[in-house]
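Residue-level listing of the chains:
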Amino acid sequence: MRVTRSSFTFTPRRWSLRQAGAASTLLCLTALFPQVASACATCGCTLSTDAATGYSTASGWRLNVDYTFIDQDQLRHGSGKASPQQVVNQPSDPSLGGGEIEKQTVNRYINVAAAYHFNADWGVTFVVPYVVRDHDTYGTQLAPYTPAATAPDQVSNAHVAGLGDIKLIGSYQGFLPLHNLGIQFGIKLPTGHYGGGTDDGDLIGHPTTFHSGPYLGQSLDSSLQAGTGSTDLIVGAYYYQPVSQNFDMFVNGQFQAAVSEKMNRPGADFRPGNLTSASFGLRYEAHANWVPQLQVNVIHRSADQGAFADRPDTAGTVAYLSPGISASLSRNLQFYAFVQVPVYSHLQGYQLFPRWTGTVGLSMQL
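Residues numbered from 1 in each chain as written. Predicted model: local features only at pLDDT ≥ 70, side-chain atom pairs only at ≥ 80, totals over all residues. Heavy atoms only, no water.

1. Section: the nonpolar core
Link 1 in the chain: By size, the foremost hydrophobic cluster in this structure holds eleven residues: Leu-75, Ala-82, Val-87, Val-88, Ile-101, Tyr-138, Tyr-145, Ala-149, Val-155, Tyr-350 and Leu-352.
Link 2 in the chain: Of all the secondary structure elements, the ones that give two or more residues to this core are α2 (84-89) and β19 (333-365).
Link 3 in the chain: When near neighbours in sequence (up to four residues on either side) are disregarded, Tyr-145 contacts Pro-84, Gln-85, Val-88, Asn-89, Ile-101 and Thr-150.
Link 4 in the chain: By size, the runner-up hydrophobic cluster in this structure holds nine residues, among which are Ile-70, Tyr-109, Val-160 and Leu-224. (Core = buried A, V, L, I, M, F, W, Y, C linked by side-chain atoms within 4.5 Å. Buried < 20%, exposed > 50% of the residue type's maximum accessible area, 1.4 Å probe, protein only. Helix = DSSP H or I, 4+ residues; strand = E, 2+ residues; numbered from the N terminus. Contact = heavy atoms within 4.5 Å.)

2. Some remarks on the layout of surface pockets
Link 1 in the chain: In this structure, the largest pocket occupies an estimated 1000 Å³ of space.
Link 2 in the chain: Surrounding the largest pocket, 34 residues form its lining, Glu-100, Thr-140, Asp-221, Ala-309 and Asp-310 being those nearest its centre.
Link 3 in the chain: Mapped onto the lining of the largest pocket, the elements with two or more residues apiece are β5 (98-117), β6 (122-142) and β10 (195-197).
Link 4 in the chain: By residue number, the principal contributor to the lining of the largest pocket is β5, which donates four residues.
Link 5 in the chain: Along the lines of polarity and charge, the residues of the lining of the largest pocket split into twelve nonpolar, 14 polar and eight charged. (1 Å grid on protein atoms, 1.4 Å probe; cavity = no way out; pocket = protein on both sides within 12 Å on 5 of 7 lines; lining within 4 Å. Points joined across faces, edges and corners; volume = space filled by probe spheres on them. Nonpolar A, V, L, I, M, F, W, Y, C, P; charged D, E, K, R; others polar.)

3. Some points on the environment of Gly-182
Link 1 in the chain: Tracing the sequence through the fold places Gly-182 in strand β9 (residues 181-188).
Link 2 in the chain: The sequence separation of Gly-182 and Trp-122 amounts to 60 residues, and the corresponding C-alpha distance is 9.8 Å.
Link 3 in the chain: Here Gly-182 is in contact with Tyr-172, Gln-173, Phe-175, Gly-236, Ala-237 and Tyr-238, once residues within four sequence places are set aside.

4. Remarks on unusual backbone geometry
Link 1 in the chain: Residue Pro-144 is bonded to the preceding Ala-143 through a cis peptide linkage, with omega at 0°.
Link 2 in the chain: Structurally, Pro-144 is set in the loop between β6 and β7 (156-163).
Link 3 in the chain: The phi dihedral of His-179 falls on the positive side, at around 55°, and the residue is not glycine.
Link 4 in the chain: As for its position among the elements, His-179 is in the loop between β8 (167-172) and β9.
Link 5 in the chain: Classification of His-179 by relative accessible area gives buried; the value is 15%.

5. Examining the pairing of β9
Link 1 in the chain: Where burial is concerned, the two faces of β9 differ: the one with Gly-182, Gln-184, Gly-186 and Lys-188 is buried and the one with Leu-181, Ile-183, Phe-185 and Ile-187 is not.
Link 2 in the chain: Bridging between β8 and β9 involves six bridges; their strand directions are antiparallel. Bridge pairing in β9 places Leu-168 opposite Ile-187.
Link 3 in the chain: Examined bridge by bridge, β9 and strand β12 (residues 230-242) share eight bridges and lie antiparallel to one another. From the neighbouring strand, Gly-182 faces β12, where its bridge partner is Tyr-238. (Pairing = 2+ DSSP bridges.)

6. Some thoughts on the environment of Gly-174
Link 1 in the chain: For Gly-174, the location among the structural elements is in the loop between β8 and β9.
Link 2 in the chain: Residue Gly-174 is classed as partly exposed on the basis of its relative accessible area, which comes to 25%.
Link 3 in the chain: A C-alpha to C-alpha distance of 4.8 Å links Gly-174 and Asp-121, two positions 53 residues apart in sequence.
Link 4 in the chain: Not counting residues up to four positions away in its chain, the partners in contact with Gly-174 are Asp-121 and His-179.

7. Thoughts on the pattern of salt bridges
Link 1 in the chain: This structure, assessed with the given rule, holds eight salt bridges.
Link 2 in the chain: With a shortest N-O distance of 3.2 Å, Arg-355 and Asp-73 are connected by a salt bridge. Of this pair, Arg-355 sits in strand β19 while Asp-73 sits in strand β3 (residues 60-78); the two residues are 282 residues apart in sequence, bridging distant segments of the chain.
Link 3 in the chain: According to the relative accessible area criterion, Arg-355 is partly exposed, its value standing at 45%.
Link 4 in the chain: Asp-73 sits in the partly exposed class, given a relative accessible area of 29%.
Link 5 in the chain: Here Arg-108 ties to Asp-134 by a salt bridge, and the two come within 3.4 Å at their closest N and O atoms. Linking Arg-108 in strand β5 with Asp-134 in strand β6, this pair joins segments that are 26 residues apart in sequence.
Link 6 in the chain: Taking relative accessible area as the criterion, Arg-108 reaches 28% and is therefore assigned partly exposed.
Link 7 in the chain: Taken together, the shared-partner salt bridges in this structure form one network comprising Asp-165, Lys-188 and Asp-232. (Salt bridge = Lys/Arg side-chain N within 4 Å of Asp/Glu carboxyl O.)

8. Some details on the confidence of the model for the protein chain
Link 1 in the chain: Per-chain confidence: the protein chain averages 87 in pLDDT, with 85% of residues scoring 70 or above.
Link 2 in the chain: Contacts from residues 1-41, a stretch scored under 50 in pLDDT, to residues over four places away or in other chains number 142 contacts. (pLDDT = per-residue confidence, 0-100.)

So, in structure tokens, the structure goes:
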């Protein structure tokens, strides 16, 4: 079904129905892109990438490809910085007699999304992530801390590269005449390699292992694998509203929780923490071919569970301020770029954290 009405009036400015439909449909897909798990479980990709472009309510396909870079290179605890001495001498799990000193995790995510709209009300989106991750750690060091704990010969390295967990999301936005209120409902599938290692050295699943250092041959943490090994349910909602002659705003939220885990054996189980995210922002639309915008992205993650989980160090809440811009390269092709700067964090235990993240992408209407 295609929209036949040409325009409508919205005070204080006049909007074409195509413009309003584009803005509302983009929000219908805003929460669909993956929030990837990492050693800092609250530091995944939180940007609402679809809010950077815009979508027509006409039936058909849209393709989106984006690249996100996240360099987690600073240790943090609570709302402040942490040192290796704190990790070892004041461990988040005192029963270990020390703590793991993580050095750095460099994440690169490539997300390919294909969205199909049956009509102005219903749509479906497939999201396929590719994960590239390099992780360095000094490993678990016993108290008291000494400089030898962070010597170069203590560093173990692991490299992850492969398909992540695919998402399938349905959307409905027929509640209001302007299609500016909608819901999302979907599922995340355990398509990425997942796994962990038992205390006896057995590998469960198909985990990536360390390729150098004292941990050579041992499994990388389950939360750092390309996939989680879980099937998750996803629900979300969005709302869009013009606010002045040149500005429009959006707000959306999403909740994701695992309902089935492939790693479910006693002593060899893993369940990723629940994810709750919210974003809101403004777009400045005075110019036809380029649109500056600003987002605020907030994510909360509960602690991972199970024998393979790093429960003391995986929960927290993070907020990002995300300025960016989109530009029309042609009638059907748009480019966008964003930088995310963390403005608030409250992390459980000790976690690696980025100083900034960056995302660039292309969106094409077919």
